[in-house]
Amino acid sequence: MIRITIDGIPLELEKPINLLEAAKLVGINIPNLCYSPELTPYGGCRLCLVEIEGRRMPVASCSRLAEDGMVVRTNTPQIREIRRELLNLLISNHPMDCLTCEKVGTCDLQRLCYEYGVTTPSYPYDPPDIPLDDQNPIMVRDQSKCIKCGKCVRVCREIQVSNVLEHVGRGFSSTVTTAGDRPISRDFCRMCGQCVAICPTGALTNKEFAGYRPWELKKVRTTCPFCGTGCTFDLNVDVKNNRVVGVTACEDAPINGTQLCVKGRFHTDFISSEERLTTPLIKKDGEFVPASWNEAINLIATRFGEIKAKHGANAFSGLSSARCTNEDNYTFQKFMRAVIGTNNVDHCART
Amino acid sequence: MTNSVNEVLDAELLFVIGSNTTEAHPIIGNKMKQAVRNGTKLIVVDPRTTELATMADLHLPLRSGSDAALINGLMHIILREGWEDREYIETRTEGFEAVEELVKKYTPEVVSAITDLPEEDLFEAAKLYASHRKAGIFYTLGITEHTSGTSNVMNLANLALITGHVGIESAGINPLRGQNNVQGACDMGALPDVYPGYQKVTDPASIARFSEAWGVPVSDKLGLRIPEMLDAAVAGDMKVMYVMGEDPVLTDPDANHVKKAFESMEFVVVQEIFMSETAKLADVVLPAACYAEKEGTFTASERRVQRVRKAVNPPGQAKQDWEIIVAIAEKMGAEGFDFLNSEEVFEEMRSLTPQYAGMTYDRLENERGLQWPCPTLTHPGTKYLHKGVFPRGKATMVPVEYKGPAEHVCDEYPILLITGRKLGHYNVTTRYSALLDSINPFEEAEINPREAEALELVEHDTIRVTSRRGSIVTRVQITDRVKPGSMFMTFHYRESPVNELTQSAFDPITLTGEYKVSAVKIEKVEWKDEQYEDEIHRFKRLELLTH
């Protein structure tokens, strides 16, 4: 048993976990920009510094395991001052276009600057000369907004296991980029978009959400309509315009957690495709003619009745669907069996 | 799946056969890659060098269609070396002796000749699989889409049973289901031989049960399977087909035969979200809501039932599928279709489906889905199957003899064509997503550099691919992912409808088509504008999107 004290609250741990996670257990959220419980701790942003009694220097709580007897302070005036200065350094090397940045409202840097009252950068800004990478359909990469937290690098390496991104260079000239510094392309990237989802700033943004403010979108939890893995995610809905804008992952999804693939994350424009069928169609002289539901249902019921009377129930067959819901499938087979009277019902299970 | 997706992470060994998991089931593929990164051993059996194959401890690029011989060969080695689990075999299985007898003749020498795999690799695979307890088998349609599909599945079961790999965590036999709700559609009895919950249509008890529940006498006659329906249509006996959300013309094998079947019927109704190739042949097309416009449930591969929720209204007059069926049923004077919402349908279903009996919409909401069997309202659901005992007592092993595929390459058709999916698309729906289509706007048939050189082809050149049944054109991608003498195409593109090439040779039990083995020939063709109008249009769209 490991006994520690965090901000005066005693805590007992079964096994050594990092201090940042330990603090969460007693309701204390230590600020950070590069930590994710799913990823290897990196200790890069230094915002999660805490004081440990008996030690001269503060330590990064994400990378320090709890030890028996530790007395930890997470929010002393000195720690707050260090965090303010770190944030000051970060925004001094960051464009201040928050008014029009796509990440506004979900930017962790913005949130922490607000929390710590860091309003104006104190150091001169020397903007890097790196062109935007937007030659792909899913994301915009704006390196000037990258704070080198390395979350994208680790999520690509450890969760998607694709190894597309890496830290390159040192100091002010360091970047996070692809092999050969090429723009993102399907040739080497699986386009899952998880780097975009985990980016704490506007360095990586999802093209589908461009033009929408996060608070304008309603989230509806549902299940992916493609392969049989069973990923769940949130559809982000522009309610006013009856339009699904895009997809965000949800940590508590039982099968996939925060992971999605290119199809799961980027498919939603098919929902509002111009090519969707919008009205019943009846073929007359080889051409489809729009019809009302009444006309279509009457015609089907009449023709089904006639053909059943003439040829019997087993002249009917029904193809149900592995793409439709359980409720649709139940109703379909019940219709074939109870109304038509045949077991000629099947679907593509075998193909 | 006997086991659950997240058990992959704790497996000691993954035996992946006939599954390009990182493309067809990307999230399960991620978990496999994460496991391998953390030291889990990986065996990949696939004629292609897939992404997983490049990470594998052992990649067995077997000759397509020789799976049964391979599995028999592995069992031969396991039994010869005494690596089987005798206690498990004795207490939990029956029929072992017949399997033992049959695999005697599948010596490494014989199997190596059939599969094209070195004997050392066979030995290594057998040793790896038998010596790890938490060893799961994962397969998809590379196993089932063969004339020997059913036997292949039974044989994988034999392999797992003789080594005691069923009924424990992070092991088992795991078919990764291809569609979001193929598990659910089967569970719901959208099959010609069973009611919901796999209750046989020929069993007097289930006939009585459903007749009483639905208030009408139900048929005790086995129904027809899809290929039989189509054959009956061509023969003139099948008059009506009612299709909900399927596109057999594009996705069933031997497309020209399927088209003929549809043209032979008197009355065809198709309920769809897009004007599919099948819908074009219908007499009446009904507009359906898509998943984002529906309330309901899907059942994932790991038997987890999860909610689907309405996010937006359907376009125009489109309606949810079950509502359309109800409208037709009521117009025909049927009773028992007065459902007010999807939850009422679910309630009736669970009252008749023992595996789902303990599930309610409230529970699915609060417990993040439930895995069947879940027989009572207090049952927590089932993470993995067959712990301690099989439903029928002992698992029966059935020996499986190797029979080659129905079609072989020959002088006239020298290339072996394999079909499947790619990462960026899912069947045909994703083609309607301009974004996804811009990533993969056209078919790129994979051919080996050897064939490319022989025909003087460069990347994205166009070829004509011809089989005994049809002929299509496609662009090529030159890659050693495919072996010399074989090629790979997807079935996502109606401009390159690969199922005009595939054969309607079927597995005798399930009637699954042999999509994975077709003999074809290829030739270079020159680009002609009018012929590729559709593709050029898509190219233009791509350029607009990226500039």
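1. A closer look at the overall build of chain B
Tallying secondary structure elements over chain B gives 21 helices and 21 strands in all. Taking all 547 residues of chain B together, 64% fall into the buried category. With an accessible surface of roughly 19,700 Å², chain B has 51% of that area assigned to carbon and sulfur atoms.

2. Some remarks on the sheet that holds strand 1 (residues 2-6) of chain A
All names here are of chain A. The mixed open sheet is built from five strands, whose spatial order is 2-1-5-3-4. Of all the strands in the sheet, just strand 2 (9-13) and strand 4 (59-60) have a single pairing partner and so form its edges. When strand 1 meets strand 5 (residues 71-73), the two strands line up parallel, connected through two bridges. Each bridged residue has a counterpart across the sheet, and for T5 the counterpart in strand 5 is V71.

3. What about the domain arrangement of chain A?
Split into domains, chain A comes out as domain 1 (2-75), domain 2 (89-123 + 131-209), domain 3 (214-270), domain 4 (277-304) and domain 5 (312-351). Distance between the C-alpha centres of domain 1 of chain A and domain 4 of chain A: 67 Å.

4. What to know about the interface of chain B and chain A
Chain B puts 151 residues into the contact, and the matching count from chain A is 107 residues. For the pair chain B and chain A, the two sides together bury roughly 11,600 Å², of which 62% comes from carbon and sulfur. Here chain B and chain A share five salt bridges between them. In this structure, the salt-bridge partner of E51 of chain B is R190 of chain A, at a minimum N-O distance of 2.9 Å. Joining chain B to chain A, the criterion identifies 69 residue pairs in polar contact (both at pLDDT 80 or more). By residue number, the principal contributor to the side of chain B that touches chain A is helix 16 (residues 321-331) of chain B, which donates nine residues. A breakdown of the residues in the side of chain B that touches chain A according to their chemical character gives 83 nonpolar, 36 polar and 32 charged. As paired strands, strand 15 (residues 316-319) of chain A and strand 9 (residues 240-244) of chain B are joined by four bridges and run parallel to one another. Among the inter-strand pairings, F316 of chain A is bridged to a residue of strand 9 of chain B, identified as V240 of chain B.

5. Section: unusual backbone geometry
Residues and elements named next belong to chain B. Residue P373 follows W372 across a cis peptide bond; omega there is 0 degrees. Not every positive phi belongs to a glycine, and R303 is a case in point at roughly 70 degrees. Inspection of the secondary structure assignment puts R303 in the loop between strand 12 (296-299) and strand 13 (304-308). On the accessibility criterion, R303 (2% relative accessible area) is buried.

6. Here we look at the packing of aromatic side chains
A full pass over the atoms with the stated rule returns 18 aromatic pairs over all chains. Geometrically, the ring pair formed by F304 of chain A and F335 of chain A is tilted, given 6.3 Å between the ring centres and 40 degrees between the ring planes. Of the two residues, F304 of chain A sits in helix 7 (residues 293-311) while F335 of chain A sits in helix 8 (residues 326-340), which places them 31 residues apart along the sequence. Taken as a pair, F304 of chain A and F335 of chain A share a single burial class, namely buried. Here the aromatic rings of F337 of chain B and F339 of chain B are separated by 6.4 Å at their centres, their planes lie at 70 degrees, and the arrangement is edge-to-face. Of the residues examined, F337 of chain B reaches a relative accessible area of 2% and is grouped as buried. Put simply, the rings of F304, F316, F332 and F335 of chain A together with Y242 and F267 of chain B touch in pairs and so form one group of aromatic residues. For R92 of chain B, the ring lying beneath its charged end belongs to F390 of chain B, and the centroid distance is 4.3 Å. Lying over the aromatic face of W293 of chain A, K319 of chain B brings its terminal NZ or CZ to 4.8 Å of the ring centre.

7. Observations regarding the nonpolar core
Residues F304 and F335 of chain A together with Y242, L286, I328 and M359 of chain B are the most contacted members of the largest nonpolar core, which totals 53 residues. Ranked by residues supplied to this core, first place goes to helix 8 of chain A with seven residues. Contact partners of L286 of chain B, with chain neighbours within four places excluded, come to P280, W293, A296 and I300 of chain A together with V269, V270, Q271, E272, I324 and I328 of chain B. The next biggest cluster of nonpolar side chains, apart from the first, holds 46 residues, and it includes V99, I137, Y139 and I173 of chain B.

8. A look at helix 13 (residues 226-235) of chain B
It helps to recall that an α-helix has 3.6 residues per turn; residues three or four apart then point in one direction. For helix 13 of chain B, the complete set of buried residues consists of I226, P227, M229, L230, A232 and A233 of chain B. Summarising the contacts, the buried residues of helix 13 of chain B are in contact with strand 15 and strand 16 (345-346) of chain A together with strand 9 and helix 15 (255-264) of chain B. Of the residues one or two after helix 13 of chain B, G236 of chain B is the one with positive phi, at around 95 degrees.

9. Notes on the packing of helix 4 (residues 67-81) of chain B against helix 6 (residues 96-103) of chain B
All names here are of chain B. Interhelical geometry of helix 4 versus helix 6 gives an angle of 100 degrees and a closest axis separation of 9 Å. Considered as vectors, helix 4 and helix 6 are oriented roughly perpendicular to each other. Between helix 4, through N72, M75, H76 and L79, and helix 6, the contact on the second element is made entirely by F96, V99, E100, L102 and V103.

10. So, the pattern of salt bridges
Residues and elements named next belong to chain B. In the structure shown here, the tally under the stated rule is 48 salt bridges over all chains. Across the pair R86 and E84 runs a salt bridge, and its minimum N-O distance is 2.9 Å. Given a relative accessible area of 37%, R86 falls into the partly exposed group. Via salt bridges that share partners, E23, R48, E446 and R481 belong to a single interconnected network.

11. Brief notes about the confidence of the model for chain B
With 96% of its residues at a pLDDT of 70 or more, chain B has an overall mean of 91. Scored below 50 in pLDDT, residues 538-547 of chain B makes 15 contacts in the model with residues more than four places away or belonging to other chains.

12. Regarding the sheet that holds strand 16 of chain A
Sheet architecture is open: seven strands sit in the order 14(A)-13(A)-11(B)-10(B)-9(B)-15(A)-16(A), paired in mixed fashion. The open sheet has two edge strands, strand 14 (287-290) and strand 16 of chain A, and neither has a second partner.

13. Comments concerning the pairing of strand 20 (residues 486-490) of chain B
All names here are of chain B. Counting buried positions along strand 20 yields five of five residues, so the element is predominantly enclosed. The two faces of strand 20 match: S486, F488 and T490 on one face and M487 and M489 on the other face are all buried. Where strand 16 (residues 415-420) lies against strand 20, five bridges are found, and the strand directions are parallel. For L417, the partnering residue across the bridge sits in strand 20 and is M487. Bridging between strand 17 (residues 444-447) and strand 20 involves two bridges; their strand directions are antiparallel. Opposite E446, over in strand 20, you have F488 as the bridge partner.

14. Details of the environment of E102 of chain A
Residue and element names in this part refer to chain A. Note on placement: E102 falls in the loop between helix 2 (77-92) and helix 3 (108-116). Given a relative accessible area of 33%, E102 falls into the partly exposed group. Distance in space between the C-alpha atoms of E102 and L49 is 29 Å, their sequence separation being 53 residues. At 3.3 Å, the side chain of E102 and the backbone nitrogen of G211 are in polar contact.

15. A word on the environment of S317 of chain A
Within the secondary structure, S317 of chain A sits in strand 15. Sequence-wise, S317 of chain A and Y330 of chain A are 13 residues apart; in three dimensions their C-alpha atoms are separated by 16 Å. Contacts of S317 of chain A, omitting those with residues within four sequence positions, involve M336 and N344 of chain A together with M229, M238, V240, M241 and Y242 of chain B.

Criteria and thresholds
Residues numbered from 1 in each chain as written. Chains lettered and ligands numbered in written order. Predicted model: local features only at pLDDT ≥ 70, side-chain atom pairs only at ≥ 80, totals over all residues. Heavy atoms only, no water. Helix = DSSP H or I, 4+ residues; strand = E, 2+ residues; numbered from the N terminus. Buried < 20%, exposed > 50% of the residue type's maximum accessible area, 1.4 Å probe, protein only. Areas by Shrake-Rupley, 256 points an atom, 1.4 Å probe, with all protein chains shown as cover. Pairing = 2+ DSSP bridges. Domains from an automatic or database assignment. Contact = heavy atoms within 4.5 Å. Buried area = accessible area lost by both parts, 1.4 Å probe. Salt bridge = Lys/Arg side-chain N within 4 Å of Asp/Glu carboxyl O. Polar contact = N/O pair within 3.5 Å; in protein donor to acceptor, adjacent residues only side chain to side chain. Nonpolar A, V, L, I, M, F, W, Y, C, P; charged D, E, K, R; others polar. Phe/Tyr/Trp six-rings, centres within 6.5 Å; stacked < 30°, edge-to-face > 60°. Lys NZ or Arg CZ within 6 Å of the ring centre and 35° of its normal. Core = buried A, V, L, I, M, F, W, Y, C linked by side-chain atoms within 4.5 Å. Axes fitted to C-alpha atoms, helices over the stretch in contact; angles between N-to-C directions. Parallel < 35°, antiparallel > 145°, perpendicular 65-115°, else oblique. pLDDT = per-residue confidence, 0-100.

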